[in-house]
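Spelled out, the chains give:
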Amino acid sequence: MSFEVIAWTREGAVRLLDQTQLPAAEVYLELRSVPEMVEAIRRLRVRGAPLIGIAAAMGLAAAAEQAARQGGFAAGWLDEAARALGEARPTAVNLRWAVEQVRRVGEQALEAGEAPARVAARLRDEAQRIWDEDAAMCRAIGEYGAALIPGGATVLTHCNAGTLATGGIGTALAAVYRAHAQGKAVRVVSCETRPLRQGTRLTAWELARNGVPVTAITDSSAASLMARGEIDLVLTGADRIAANGDVANKIGTYALAVLADAHRIPLYVAAPRSTFDLSLAHGGLIPIEERAAEELDAAPGAEVYNPAFDVTPAPLVAALVTDRGIAKPPYGAAIRRLFG
């Protein structure tokens, strides 16, 4: 890939590409504290379900290192820091999962009476493990997903599920990158993705930077392209997947799923195991984040409804592409086998 989204600095800070500045400028942030990382996650400076989990884990480790240098941890610091990071955004399950992994490691080290510097080192090792694991899962998703993309296919995608959203080459876009590398002459149509235009600002930027042919469209153009036979498949990522296969993803995914079903176009969802929430029986239980009214730029005096995500029912999903293989309906049993 031709850019770096996240990294450690030599001083132990977390270096992030500020995605709110794209595509106009590549601006990097260096974050050392929990409040700084919480702000970056809430303001979408870092985004994408897998990546915000990685960033939060790294942020907790970086803050622990700073605390260790300043004499150690106050009572309850680790739990409070983990809680603040875990609540920064409510829908993506990866965030709380990753933070809890790191918190548990730190708690065990503290209970064993380890020195603050050693505790911080253990947190960093765990955050790095989560990052490495996600990169490996992305590679596996890419291999499995590329098998679903025929040569010469035009793939419609929504929001951003590539390098900018993960610790590796992406989820949905991982399949595109692998198909492109295999010489399949794949072409991507990227929906604008209102209200923050992650499709035109981020996905189109990322694909163009990496040499993959991409056409950006408004969200409302998808139906006409499908009707004209110009879309072969829809491929998206996910922020949370319930035990029955219902998928929470960026708002507008459900509409695309309905359109794809009406035009007999398969819709595939790509996600790592960390995106599945088996504690939720169905998508109606997934908490849906609502964004600030100002993001919609509505007329003064108008009420604003601005959810960040919607839920696509499992029957509209042709397959779930995971790092352990491809799951097909009925999803309840297929998902249990993936995690068995």
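Scroll up to find the structure this text is about.
Residues numbered from 1 in each chain as written. Predicted model: local features only at pLDDT ≥ 70, side-chain atom pairs only at ≥ 80, totals over all residues. Heavy atoms only, no water.

### Quick word on empty space enclosed by the protein
Short version of the rule: Using protein atoms alone on a 1 Å grid, points that fit a 1.4 Å probe yet trap it form a cavity, whereas open point sets bounded by protein on both sides within 12 Å along at least five of seven lines form a pocket; residues with an atom within 4 Å of a point count as lining. Grid points are joined across faces, edges and corners, and a volume is the space filled by probe spheres set on the points. In this description a helix means any DSSP run of H or I spanning at least four residues, a strand means any run of E spanning at least two, and both kinds are numbered starting from the N terminus. Each residue gets one label: Ala, Val, Leu, Ile, Met, Phe, Trp, Tyr, Cys and Pro are nonpolar, Asp, Glu, Lys and Arg are charged, and the others, such as Gly, are polar.
For the structure on display, the rule yields 4 cavities of 30 Å³ or more. Computed from the structure, the largest cavity encloses a volume of approximately 200 Å³. Lining the largest cavity are 22 residues, with R47, G48, A49, N160 and D239 positioned closest to its centre. Listed by contribution, the elements that provide at least two residues to the lining of the largest cavity are α2 (49-69) and β9 (247-250). In terms of residue class, the lining of the largest cavity is built from 9 nonpolar, 9 polar and 4 charged. Lining the second largest cavity we find P50, G53, I54, N94, W97, A98, I130, E133, D134, M137 and S274. Mapped onto the lining of the second largest cavity, the elements with two or more residues apiece are α2, α4 (93-111) and α5 (116-146). In terms of residue count, the dominant contributor to the lining of the second largest cavity is α5 (4 residues). Per-class residue counts for the lining of the second largest cavity are 6 nonpolar, 3 polar and 2 charged.

### Focus on the environment of H180
Relative to the elements of secondary structure, H180 occurs in helix α6 (residues 172-181). Along the sequence, H180 and A222 sit 42 residues apart, while their C-alpha atoms lie 22 Å from each other.

### Concerning the packing of α6 against helix α7 (residues 198-209)
Condition: Lines fitted to the C-alpha atoms define the axes, with helices restricted to the stretch that makes contact. Angles between their N-to-C directions range from 0 to 180 degrees. An angle counts as roughly parallel when it lies under 35 degrees, as roughly antiparallel when it exceeds 145, as roughly perpendicular when it falls between 65 and 115, and as oblique in every other case. Handedness of a helix crossing follows the sense of rotation of the near helix relative to the far helix, less than a right angle counterclockwise being left-handed and clockwise being right-handed. What makes two residues a contact is simply this: any of their non-hydrogen atoms within 4.5 Å.
Axis separation between α6 and α7 bottoms out at 12 Å; the angle between their running directions is 20 degrees. On the basis of the axis angle, α6 is roughly parallel to α7. Crossing of α6 against α7: the hand is right-handed. On the side of α6, the interface is formed by L173, V176 and Y177, while α7 contributes T203, E206 and L207. Tallied by class, residues from the contact of α6 with α7 come to 4 nonpolar, 1 polar and 1 charged.

### Here we look at the packing of α2 against α4
Between α2 and α4, the least distance of the axes is 7 Å, while the angle of their chain directions is 30 degrees. With respect to α4, the axis of α2 lies roughly parallel. Where α2 crosses over α4, the handedness of that crossing is right-handed. Facing A49, P50, I52, G53, A56, A57 and L60 of α2, the residues of α4 in contact are N94, L95, A98, V99, V102 and R103.

### Focus on the pattern of salt bridges
For clarity, the threshold we go by: By definition, a salt bridge exists where a carboxyl oxygen of Asp or Glu is found within 4 Å of a side-chain nitrogen of Lys or Arg. The buried label goes to any residue with under 20% of its type's maximum accessible area, the exposed label to any with over 50%, and the partly exposed label to all in between, with areas taken from a 1.4 Å probe on protein chains only.
As enumerated under the stated definition, the model contains 23 salt bridges in all. Notably, a salt bridge pairs E107 with R103, separated by 3.0 Å at the nearest N-O pair. With E107 and R103 both in helix α4 and 4 residues apart, this pair spans about one turn of that helix. Residue class for E107 comes out partly exposed when judged on its relative accessible area of 29%. In this structure, E133 engages R129 in a salt bridge whose closest nitrogen and oxygen atoms are separated by 3.8 Å. One end of the pair is E133 and the other is R129, both in helix α5 and 4 residues apart, which spans about a single turn. Exposure remark for E133: the relative accessible area of 25% places this residue in the partly exposed category. On the basis of relative accessibility, which here comes to 34%, the residue R129 falls in the partly exposed class.

### Examining α2
Side chains that are three or four residues apart share a direction in an α-helix, a result of its 3.6 residues per turn. To keep it simple, the criterion reads: Multiplying one less than the number of residues by 1.5 Å gives the expected span of a helix.
With 21 residues, α2 should reach 30 Å at 1.5 Å per residue; the first-to-last C-alpha distance of 31 Å fits that figure. Judged by how many residues are buried, α2 sits mostly within the fold: 20 of 21 residues are covered. Just downstream of α2 lies G71, where phi reads positive at about 120 degrees.

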